[in-house]
Amino acid sequence: MNSDGDPIGPDPGRPGSIDMNSYAASVWYVSDFKLLGANYGFILFPAFTNNALEAPVFGLDQSTNTGFTDLYFQPLNLGWHTQRADFTAGLGVVAPTGRFEPGAPDNLGLGMWSFEPFAGATVYFDEARTWHFATTAFYEMHTKKRNTDIRVGDILTLEGGLGKSFLGGTLIVGASYYAQFQIAHDEVGPDIEPLLKGRKLARQRVFGVGPELTIPIMTSNTLYGFLNARFFWEMGARSTLEGTTLTITATFPIPSLPLE
């Protein structure tokens with residue numbers, strides 16, 4: 001979508017479209033070590049994709065082979081827990097490990113470092129902690145893209161949702177949302193995408209909302225993990241992509257949890 005929220009594409013008057021698939025296997029370790037009263041943890045998130053979500057995306061080769069994309073990790077992940085609320089804060093980092101060449105149609109990475117401090121909370125509305133609302137705020141800051149004079153402006157992302165849990169918290173039904181706003185304008189020079197030269201460059205934004213379901217992976221006496229599905233319809237996009245997103249996540253705590 002352009003800066004006025006109208007669809008644009010490689011051909012004048014014809015909206016473009018793109019499908020992207022990505023796959024990730026993450027490790028999240030939470031320790032008993034206390035830092036500022038919180039449990040210290042870290043997350044490592046290696047991922048693979050068949051296209052880099054570089055906005056705007058024009059003329060990408062739909063047959064791009066799946067490959068290793070940029071590595072996301074959180075060297076600092078802190079969690080505080082109370083009876084009626086949980087809190088989290090930390091720092092995320094995106095390392096430019098994916099293939100990137102300026103102007104290439106088959107990039108699998110964005111060619112820049114990103115640093116993302118974050119903080120959030122989950123509030124429980126009843127003593128049994130069955131109704132909950134969560135929001136986390138992420139603030140992205142970026143270096144210049146490799147071998148270019150382009151720097152993406154800072155981005156604020158809010159994400160969370162409202163949910164109701166059943167069966168002792170193993171089944172959760174709810175609705176999720178996200179809202180993303182570019183706080184600072186991009187810094188650009190001669191390396192700007194040719195299709196954007198002469199266009200009005202506005203800060204991007206996009207909103208998403210949709211259903212969420214978490215179901216347990218279990219036997220009669222052991223909980224092995226959870227399967228989570230989220231579907232988002234995007235709306236209100238400006239200077240970025242707008243579409244639909246399906247995310248499916250399987251989570252396995254180690255060791256497995258015995259059921260009472």
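Located above this text is the structure these notes cover.
The model shown is predicted, which means the values in this text are computed figures rather than measured ones.

Colleague: Go over the overall build of the protein chain with me, naming the residues and quoting the values.
Modeller: Of regular secondary structure, the protein chain possesses 0 helices and 15 strands. Partitioning the intrachain contacts of the protein chain with sequence separation of at least 6 by distance along the chain shows that 57% fall at a separation of at least 24. As displayed, the protein chain offers around 15100 Å² of accessible surface, 61% of which is attributable to carbon and sulfur atoms.

Colleague: With reference to specific residues and values, describe the packing of aromatic side chains.
Modeller: Evaluated as defined, the whole model comprises 8 aromatic pairs. For the pair tyrosine 29 and phenylalanine 42, a centre-to-centre distance of 5.7 Å together with 40 degrees between the ring planes defines the contact as tilted. With a gap of 13 residues between them, tyrosine 29 in strand 2 (residues 27–35) and phenylalanine 42 in strand 3 (residues 38–45) connect regions that are remote in the sequence. Over the ring of tyrosine 124 we find arginine 129, and its NZ or CZ is 3.8 Å from the ring centre. Between the NZ or CZ atom of lysine 164 and the centre of the ring of phenylalanine 166, over which it lies, the distance is 5.7 Å.

Colleague: Let's hear about the sheet that holds strand 1 (residues 22–24): which residues, and what values?
Modeller: With respect to topology, 3 strands assemble into an open sheet ordered 1-4-5, the strand pairing being antiparallel. Because the sheet does not close on itself, it has two edges, and the strands there are strand 1 and strand 5 (67–68). Here 2 bridges tie strand 4 (residues 47–49) to strand 5, and the two strands are oriented antiparallel to one another. Opposite phenylalanine 48, over in strand 5, you have phenylalanine 68 as the bridge partner.

Colleague: Got a sec to walk through a nonpolar patch on the surface? Specific residues and values, please.
Modeller: There is a patch of nonpolar side chains on the surface, built from Phe166, Leu167, Val173, Leu213, Ile215, Leu227, Leu246 and Ile248 and spanning about 720 Å² of accessible area. Among the elements of the structure, strand 12 (205–218) and strand 14 (244–251) are those that each provide at least two residues to the nonpolar patch. By the secondary structure assignment, isoleucine 215 is in strand 12.

Colleague: With reference to specific residues and values, describe the pattern of salt bridges.
Modeller: Summed over all chains, the structure comprises 2 salt bridges. With a shortest N-O distance of 3.2 Å, aspartate 86 and arginine 129 are connected by a salt bridge. Of this pair, aspartate 86 sits in strand 7 (residues 85–95) while arginine 129 sits in the loop between strand 8 (114–124) and strand 9 (131–142), and the two are 43 residues apart along the sequence. Taking relative accessible area as the criterion, aspartate 86 reaches 15% and is therefore assigned buried. Across the pair glutamate 212 and arginine 230 runs a salt bridge whose closest N-O atoms are separated by 3.1 Å. Of the two residues, glutamate 212 is situated in strand 12 and arginine 230 in strand 13 (residues 222–238); the sequence distance between them amounts to 18 residues. In this structure glutamate 212 comes out as buried when scored by relative accessible area, which is 18%. Exposure remark for arginine 230: the relative accessible area of 31% places this residue in the partly exposed category.

Colleague: Explain the environment of arginine 203 to me, using residue names and the numbers behind them.
Modeller: Take arginine 203: it is sitting in the loop between strand 11 (171–182) and strand 12. Residue classification places arginine 203 among the partly exposed positions, given a relative accessible area of 43%. It is 9.6 Å that separates the C-alpha atoms of arginine 203 and aspartate 154, two residues lying 49 residues apart in sequence. The contacts of arginine 203, once residues within four sequence positions are left out, are Gln182, Ile183, Ala184, His185, Arg238 and Ser239. There is a polar contact of 2.7 Å between the side chain of arginine 203 and the backbone oxygen of isoleucine 183.

Colleague: Explain unusual backbone geometry to me, and be specific about the residues and the numbers.
Modeller: Most peptide bonds take the trans form, and the phi angle of most residues other than glycine is negative. The phi torsion at leucine 36 lies on the positive side, around 55 degrees, for a residue other than glycine. Tracing the backbone through its elements, the reader meets leucine 36 in the loop between strand 2 and strand 3. On the basis of relative accessible area, leucine 36 is assigned to the exposed category, the value being 71%. In this structure, leucine 167 is a non-glycine residue whose phi angle is positive, near 55 degrees. Structurally, leucine 167 can be placed in the loop between strand 10 (155–166) and strand 11.

Reading the values: rules and limits
Residues numbered from 1 in each chain as written. Predicted model: local features only at pLDDT ≥ 70, side-chain atom pairs only at ≥ 80, totals over all residues. Heavy atoms only, no water. Helix = DSSP H or I, 4+ residues; strand = E, 2+ residues; numbered from the N terminus. Contact = heavy atoms within 4.5 Å. Areas by Shrake-Rupley, 256 points an atom, 1.4 Å probe, with all protein chains shown as cover. Phe/Tyr/Trp six-rings, centres within 6.5 Å; stacked < 30°, edge-to-face > 60°. Lys NZ or Arg CZ within 6 Å of the ring centre and 35° of its normal. Pairing = 2+ DSSP bridges. Patch = residues over 30% accessible without salt bridge, like charges linked within 9 Å, V, L, I, M, F, W, Y side chains within 5 Å. Salt bridge = Lys/Arg side-chain N within 4 Å of Asp/Glu carboxyl O. Buried < 20%, exposed > 50% of the residue type's maximum accessible area, 1.4 Å probe, protein only. Polar contact = N/O pair within 3.5 Å; in protein donor to acceptor, adjacent residues only side chain to side chain.

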